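Each chain is listed here by its residues.
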Amino acid sequence: SNSLKHLFLPPQVFQLLTDLKQQRKESGKNKQSSGQQNLNTIMYETLKYISKTPCRYQSPETVRDFLVAMKGHKLTK
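Residues numbered from 1 in each chain as written. Predicted model: local features only at pLDDT ≥ 70, side-chain atom pairs only at ≥ 80, totals over all residues. Heavy atoms only, no water.

In the nomenclature of an unreviewed UniProt entry, the protein chain is known as DNA-directed RNA polymerase III subunit RPC9 of Pelecanoides urinatrix. If you open the UniProt record of the protein chain and go to Subcellular location (unreviewed entry), you find "Nucleus". (UniProt positions renumbered as here; feature names shortened; annotations may be inferred.)

## Looking at the overall build of the protein chain
Within the protein chain, the secondary structure is distributed over 3 helices and 0 strands. Starting at the N terminus and ending at the C terminus, the protein chain contains elements arranged as α-α-α. The buried share among the 77 residues of the protein chain stands at 12%. Surface accessibility of the protein chain: about 6,900 Å² in total, with carbon and sulfur atoms responsible for 57%. (Helix = DSSP H or I, 4+ residues; strand = E, 2+ residues; numbered from the N terminus. Buried < 20%, exposed > 50% of the residue type's maximum accessible area, 1.4 Å probe, protein only. Areas by Shrake-Rupley, 256 points an atom, 1.4 Å probe, with all protein chains shown as cover.)

## Focus: the nonpolar core
F14, L17, M43, L47, I50 and C55 together form the largest nonpolar core, which totals 6 residues. Of all the secondary-structure elements, those providing two or more residues to this core are α1 (10–27) and α2 (34–50). Those residues in contact with F14, other than ones at most four positions away along the chain, are L47, I50, S51 and R56. (Core = buried A, V, L, I, M, F, W, Y, C linked by side-chain atoms within 4.5 Å. Contact = heavy atoms within 4.5 Å.)

## Remarks on α1
Here α1 contains 18 residues, and its C-alpha end-to-end distance of 26 Å stays within 8% of the 26 Å for a straight helix at 1.5 Å per residue. Turning to α1, its buried residues are P11, F14 and L17. For α1, the angular spread of buried residues about the axis comes to 135 degrees, placing them on one side. Exposed side chains of α1 directed beyond 90 degrees from the buried face belong to Q23 and E26. On its buried face, α1 sits against α2 and α3 (60–71). Positioned one or two residues after α1, G28 has a phi angle of 70 degrees, which is positive. (Expected span 1.5 Å × (residues − 1). Arc of directions from axis to C-beta.)

## Considerations on the environment of K48
Tracing the sequence through the fold places K48 in helix α2. By relative accessible area, K48 is classed as partly exposed at 34%. Separated by 34 residues in sequence, K48 and F14 place their C-alpha atoms 9.5 Å apart.

Structure follows, in structure tokens:
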């Protein structure tokens, strides 16, 4: 069993948050609860951080190819 198969990698998080941001923008909802405002702040800060890292340019395919290539090296935590 591969313990990494359920892990969200930064490129996936970046794509997910970018998609959510776009959906919210398109929905045009203006009134927000304090919880929603907190979530928006977390999304903004996370996107800001990830956008400054190389993972912004990675795709699920490149991550998968890397993991397959490294599998034979028997790396541990």
